[in-house]
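# Commentary on secondary and tertiary structure
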Amino acid sequence: MASYVLIHGAGSDSWYWHLVAPLLRAGGHDVVAPDLPCDDDSAGLTDYADVVVDAMGERGRTDVVLVAQSLAGFTAPLVCHRLPVSLMVLVAAMVPSPGESPGEWWANTGWEQARREKAERDGRSVDGELDPVAEFLHDLPPDVLAEALARGARVQSGTPFERPWPLDAWPQVPTRALLCRDDRFFPAEFMRRVVRERLGITPDEMEGGHLPALAHPQDLAHRLEAYRGSL
């Protein structure tokens, strides 16, 4: 039995994993999906890591599979210094460099140009206010989309984006990266380059947009189990 620790991205909560978690539990695994204090202006990345570690408690301290979505790519490596993690899986996730804040990541990686070029190829515009349906929710099944819209997004504090990532290097933990080929926020060609340049690995690819746990939960759960089984 493994212990899956599922970390959601910015402006979100554990509901993001509500379709994946039961699939992993059905395989006999323990699953922890904490709610990060993303709407707390006093909380930074270290505090996010504290919440994840506290959520684990004394349970399942062996065969820990840490899964990070989007902004959680900055948090998961911090957790690796606190828990004996067997595997870290980055799902459409940011990959930080030492001393880089999440706020600096956008310009340092060339994200804005990549996002704009992707939108132009798709015949979309990214000018004006961000449209969450067009950017993040475009491939969700109708029932999941309706529930997501009814719930709304949490307010994301800017505090974690202001402080440098405190690690000197990427942790010595087996790491897999998974990108989504129709991701409009983190375009596939952009993520291929960032992961290769910063981790020296080739990311795997799956169908769907930026939120695969909501759009393709079975595929994502299957891939997580395959990663775990390959160790």
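Our subject is the structure listed above.
Before going into details, it helps to say that this report is about the structure given with it. (Residues numbered from 1 in each chain as written. Predicted model: local features only at pLDDT ≥ 70, side-chain atom pairs only at ≥ 80, totals over all residues. Heavy atoms only, no water.)

## Here's the deal with the packing of aromatic side chains
Enumeration according to the criterion identifies twelve aromatic pairs in this entry. Relative to Trp106, the ring of Trp105 has its centre 5.3 Å away and its plane inclined at 85°; by these criteria the two rings are edge-to-face. Taking 6.0 Å as the distance between ring centres and 35° as the angle between the ring planes, the aromatic pair formed by Trp165 and Trp170 counts as tilted. Accessibility classification places Trp165 together with Trp170 in one group, the buried group. (Phe/Tyr/Trp six-rings, centres within 6.5 Å; stacked < 30°, edge-to-face > 60°. Buried < 20%, exposed > 50% of the residue type's maximum accessible area, 1.4 Å probe, protein only.)

## Let's talk about the environment of Gly73
In this fold, Gly73 is placed in the loop between β3 (64-69) and α3 (76-80). What makes Gly73 buried here is its relative accessible area of 0%. Sequence separation between Gly73 and Glu197 is 124 residues; the distance between their C-alpha atoms is 15 Å. (Helix = DSSP H or I, 4+ residues; strand = E, 2+ residues; numbered from the N terminus.)

## A look at the pairing of β3
The buried fraction of β3 amounts to six of the six residues, a majority that puts the element mostly inside the structure. Residue alternation in β3 divides its side chains into two sets, Val64, Leu66 and Ala68 and Val65, Val67 and Gln69, and both sets are buried. When strand β1 (residues 3-7) meets β3, the two strands line up parallel, connected through five bridges. By the bridge assignment for β3, Leu6 is matched with Val67. Sheet topology note: the β3/strand β4 (residues 85-91) ladder contains six bridges and is parallel. Looking across to β4, one finds that Val65 is bridged to Leu87. (Pairing = 2+ DSSP bridges.)

## Observations concerning the nonpolar core
Among soluble globular proteins, nonpolar side chains are generally buried collectively. By size, the foremost hydrophobic cluster in this structure holds 78 residues, and its most contacted members are Tyr4, Val67, Leu90 and Leu220. Ignoring any residue separated from it by four or fewer positions in sequence, one finds Leu90 in contact with Ala68, Gly73, Val95, Trp170, Thr175, Arg176, Ala177, Leu178 and Leu199. (Core = buried A, V, L, I, M, F, W, Y, C linked by side-chain atoms within 4.5 Å. Contact = heavy atoms within 4.5 Å.)

## Overview of the pattern of salt bridges
A full pass over the atoms with the stated rule returns 18 salt bridges. For Arg116, the salt bridge is made with Asp127, and the minimal N-O distance between the two is 2.9 Å. Here the residue Arg116 occupies a position in helix α5 (residues 111-122), and Asp127 occupies one in the loop between α5 and α6 (132-137), the gap between them amounting to eleven residues. On the accessibility criterion, Asp127 (53% relative accessible area) is exposed. One salt bridge connects Glu197 with Arg193, and the closest N-O pair in it is separated by 3.5 Å. Here Arg193 and Glu197 lie together in helix α9 (residues 188-199), a separation of four residues that amounts to about one turn. (Salt bridge = Lys/Arg side-chain N within 4 Å of Asp/Glu carboxyl O.)

## Points about unusual backbone geometry
Even without being a glycine, Ser70 presents a positive backbone phi close to 55°. Residue placement: Ser70 occurs in the loop between β3 and α3. The class for Ser70 is buried, based on a relative accessible area of 9%. Of note in the backbone geometry, Ala92 takes a positive phi value of approximately 45° without being a glycine.

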